[in-house]
Amino acid sequence: MLKTAALWRYSIFNFLLIAFLAHWFWQQNQPVALTEPELPANGKLNCVSYAPYYGEGETPFIATTVAEKSRVEQDLRLLSKRFDCVRTYSVNQGLDYVPEVASKLGMKVLLGAWIGYTKLENDKEFERAIELANRYPDTVKGLIIGNEVLLRKEQTEEVMLAYLQEAQQRTEVPVTYADVWEFWLKHPRLEQTVDYITVHVLPYWEDDPQSVDNAIQHAENVMDKLGHTFTKPLFIGETGWPSVGKHRNASVPSLVNQASYLRQFIQVAHNKGWHYNLIEAIDQPWKRDLEGTVGGYWGLYDTKLNSKFDFKGPVAERQDGVKPLIWGFAGLIIFIILTLARKENRLPALLATGSLGALTGATAYVQWGYLIAACRDTTEWTVLIGISLVGIIALLNIPSLITRGQNKLTHSLLFILVLAGMITSFLLIPKMSFIPRDVELHPMIVHVIYMMDGRYRNFPLTLYALPALQYAIGFSLLGLLHRTTFGRYRKLNIVALVTALICLILEPLNTHALLWLGVIILLAYASWPRKGARV
C-alpha cells in the first residue's frame, strides 16, 4: 500500500494534466476572428475542384465506380450557391455529365482530361473531352489536358505538347495544361501550346512547407516569378489548405488555418485580379490512400455535405460541446469503482485514481477522433486500436498497482509501448527527403519507399502521450518506477531516440516532431535498464 504523501503528489500531477487538457479543449473550441474577404457582388467565388467520390469506399481507382447522375446534380446544385465554376479532372466514371448539369445551373466548367501511363486510355479520355468541349462551348470555359502528368513522370514533355497541339486544332475552347509551378519553370516550351498557364500553388505541399502565416506571401512570390517568366495569362488551378492531417515542418493542417488561408487568398486574389480554382469542393477520403490523412481533408464541405466554415465571422477549430466532460466523467467512475473493488477507500487514493480516470476518459475521446481521421484500412485500424488498447489497459492497471504494487502486466505493457514507439519512430522518417528529385528510380523501388515513407503518416501523439507520462513521471511520483534487468531495452530506446531525433532534425519547426521526441524520451526514462542488466 502506497504512502499517503506519494498519492497526494500523484493526484496533484494528474490535476495539472487535467487543467492542461481542459485548457486545450477550451482553446480549441474558441471562435477565432479571421480576415473577412471582399466577395463579388453575387457572393460567389471563382471556381472549385469537384469530384463525386466522397461516399464510404468510393474511389476512382475502381474502374466500375461511376457517379450517379442524381449525385452530380445534387452536388452541383449545392456548389452553385457558392461558386461560378467547377473544375473536373476526368471525363470518365460519370464526370462527363458535369457540363450538362452545369449548363442548366448557369455554371461554367474547367473540363479536365486525365492523362496517365496508358496511351489507349489517354486517347479515349482525350477524344471524349474534345467532344464535350465542342458540345458545350458556352459552358466549358477551359479544357485542361493533363493534371501534374510531368510531376508524376507518367508522360514526357513531347507527348504533352502533341496532345495540346491537337486540342488547339480541334476545339475553339481555350486549352491549357495544369501542373505545380516548379514544373512549368522546368518545361517552359509548353507555353507555346496553351492559351493560358494553369499553375498549382499549394504552400502545404512545397518541398519547403510554408506556415499559414507565410503562405500568402509565398503565393505572391510564386505568381510574381511566373509573371516575369511567361507572357501568357496565369491561372491558379489549385490552391487550398487541409483541415486535418500531419504537420509538415511549419505547415499545420487545421480548420482555422484552412479558413484563414482561403479567406486571405481570396482577398489577395481580388486585389491583384488573379483568377483561381480552390481545391477542393468536398472532402475525398480515397485520397488518404495516396497522401495520408491530410489527403482526405482539403474540402470546403465534409462528406456529409456540411460546410466547414463561412467566409464571414469567426471560426472555431472544434465543437466538442459536453462530450469531453461525459467521457471524462465515465472514466472517473470506472476508475473509482476499480479502486473500491480492491478495498482501497482512502481519500488520496480515490483522488489519485479518479483524476487518472477522468484523464483516461477525455483522452480516449480524443483518441477516437484521431483513429477515425488516421486509419485508412483494416491493417491500420487493427494496429492503431491495438496500441490504444495497450495504453488504456496500462492505465486501467494503475489502481491495482496503487493497492498491490508492481505486477508482470505492467512490464509487458511497457515493453509493447517501447517496441511500438521504436517502430513508429522509424516509420515516421520522411525517407523521400534523402532522395534528390531528379534521380530516376524503378517504379517498384519508388512504391516500396512510398509505403515506408513517413511523409504520409501522422505522429500518433494522442495514443502514446498519457501512458508515457504515467509510466515515467506518474510512477516516479508514486515510487513505482522499477528499473528492469532486461538489457535489450537499451537498444530499443537508442533506436527510437535516434529515429525520433532524425524526424525533428528534418523538420525542426514541426511541433509534433518535437512532442514525439518528448514521448520517446519519457518511454526511455521509464524503461531504461539498470546497470549490469543482461542483454
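Since this is a predicted model, take the numbers as computed values, not measurements.

Undergrad: Give me the overall build of the protein: which residues, what numbers.
TA: The number of helices and strands found in the protein is 19 helices and eight strands. If you line up the protein on its principal axes, its C-alpha atoms span 85 × 50 × 45 Å. Counting all 535 residues of the protein, 54% fall into the buried class. Sequence separation of 24 or more characterises 75% of the internal contacts of the protein that already satisfy a separation of 6 or more. Accessible surface, the protein as shown: approximately 24300 Å² in total, 62% of it carbon and sulfur.

Undergrad: So what's going on with the state of the cysteines? Which residues, and what values?
TA: Inspection of the entire model under this criterion finds one disulfide. Across the disulfide from Cys47 sits Cys85; the S-S distance is 2.2 Å. For the disulfide bridge between Cys47 and Cys85, the dihedral angle about the S-S bond is near -50°, and by the sign convention the bridge is left-handed. Separated by 38 residues along the polypeptide, Cys47 in the loop between helix H1 (4–28) and strand E1 (48–49) and Cys85 in strand E2 (residues 85–87) bring together distant segments of the chain. Classification of Cys85 as buried rests on a relative accessible area of 0%. Cys375 carries a free sulfur, and the closest cysteine sulfur to it, the one in Cys503, is 19 Å from it.

Undergrad: So, helix H19 (residues 511–527): which residues are in play, and what are the values?
TA: Owing to its 3.6 residues per turn, the α-helix aligns residues three or four sequence positions apart on the same side. An ideal rise of 1.5 Å per residue puts 24 Å on 17 residues; H19 measures up with 25 Å between its terminal C-alpha atoms. If you check which residues of H19 are buried, you get Ala513, Trp516, Leu517, Val519, Ile520, Leu522, Leu523, Ala524, Ala526 and Ser527. In this fold, the buried residues of H19 make contact with helix H15 (408–428), helix H17 (461–478) and helix H18 (488–506). N-capping of H19 is provided by Asn510, with a side-chain oxygen placed 2.9 Å from the backbone N of His512.

Undergrad: Can you break down empty space enclosed by the protein residue by residue, with the values?
TA: Evaluated as defined, the whole model comprises two cavities of 30 Å³ or more. Of the volumes computed, that of the largest cavity is approximately 60 Å³. Lining the largest cavity, in full, are Gln406, Thr410, His411, Leu414, Tyr471, Phe475, Leu480, Leu481, His482 and Ala526. By residue number, the principal contributor to the lining of the largest cavity is H15, which donates three residues. Mapped by element, the contributors of at least two residues to the lining of the second largest cavity are helix H12 (347–374), helix H13 (378–396) and H17. A class-by-class count of the residues in the lining of the second largest cavity yields six nonpolar, five polar and no charged.

Undergrad: Please set out the nonpolar core residue by residue, giving values where relevant.
TA: Residues Ile145 and Phe265 are the most contacted members of the largest nonpolar core, which totals 82 residues. When residues of this core are assigned to their parent elements, the largest contribution, nine residues, is made by helix H9 (residues 255–272). The contacts of Phe265, once residues within four sequence positions are left out, are Ile216, Ile236, Thr239, Trp274, Tyr276 and Leu278. One finds Tyr365, Tyr370, Ile398 and Ile520 within the second-largest nonpolar core, a separate group that totals 60 residues.

Undergrad: How would you explain the packing of aromatic side chains if you had to name every residue and give the values?
TA: Scanning the entire structure with this criterion turns up 23 aromatic pairs. On the numbers, 5.9 Å between centres and 55° between planes, the contact of Tyr177 with Trp184 is tilted. Side by side, Tyr177 and Trp184 carry an identical accessibility label, which is buried. Its guanidinium or amino end placed over the ring of Tyr97, Lys69 lies 5.0 Å from that ring's centre, counting from NZ or CZ.

Undergrad: Can you lay out the packing of H12 against H13 for me, pointing to particular residues and giving the numbers?
TA: Two elements in contact, H12 and H13, have axes separated by 11 Å at closest approach and are oriented at 175°. One element, H12, and the other, H13, form an angle in the roughly antiparallel class. When H12 is examined against H13, the residues Leu356, Thr360, Gln367, Trp368, Tyr370, Leu371, Ile372 and Ala374 are found in contact with a partner set consisting of Glu380, Trp381, Leu384, Ile385, Ser388, Ile392 and Leu395. By residue class, the composition of the contact of H12 with H13 is 11 nonpolar, three polar and one charged.

Undergrad: Go over the pairing of strand E5 (residues 175–180), please, and point to the residues and values.
TA: Counting buried positions over the six residues of E5 gives six, a clear majority of the element. Note that strand E4 (residues 140–147) and E5 share three bridges and pair parallel. Its bridge partner being in E5, Asn147 is matched across the sheet by Ala178. With helix H7 (residues 181–186) bridging E5 and its parallel neighbour strand E6 (residues 197–200), the resulting β-α-β unit is right-handed.

Conventions we followed
- Residues numbered from 1 in each chain as written.
- Predicted model: local features only at pLDDT ≥ 70, side-chain atom pairs only at ≥ 80, totals over all residues.
- Heavy atoms only, no water.
- Helix = DSSP H or I, 4+ residues; strand = E, 2+ residues; numbered from the N terminus.
- Buried < 20%, exposed > 50% of the residue type's maximum accessible area, 1.4 Å probe, protein only.
- Contact = heavy atoms within 4.5 Å.
- Areas by Shrake-Rupley, 256 points an atom, 1.4 Å probe, with all protein chains shown as cover.
- Disulfide = S-S within 2.5 Å.
- Expected span 1.5 Å × (residues − 1).
- Polar contact = N/O pair within 3.5 Å; in protein donor to acceptor, adjacent residues only side chain to side chain.
- 1 Å grid on protein atoms, 1.4 Å probe; cavity = no way out; pocket = protein on both sides within 12 Å on 5 of 7 lines; lining within 4 Å.
- Points joined across faces, edges and corners; volume = space filled by probe spheres on them.
- Nonpolar A, V, L, I, M, F, W, Y, C, P; charged D, E, K, R; others polar.
- Core = buried A, V, L, I, M, F, W, Y, C linked by side-chain atoms within 4.5 Å.
- Phe/Tyr/Trp six-rings, centres within 6.5 Å; stacked < 30°, edge-to-face > 60°.
- Lys NZ or Arg CZ within 6 Å of the ring centre and 35° of its normal.
- Axes fitted to C-alpha atoms, helices over the stretch in contact; angles between N-to-C directions.
- Parallel < 35°, antiparallel > 145°, perpendicular 65-115°, else oblique.
- Pairing = 2+ DSSP bridges.
- Right-handed = clockwise from strand over helix to strand, strands pointing away.

All quantities given are derived from atomic positions and should not be read as evidence of function.
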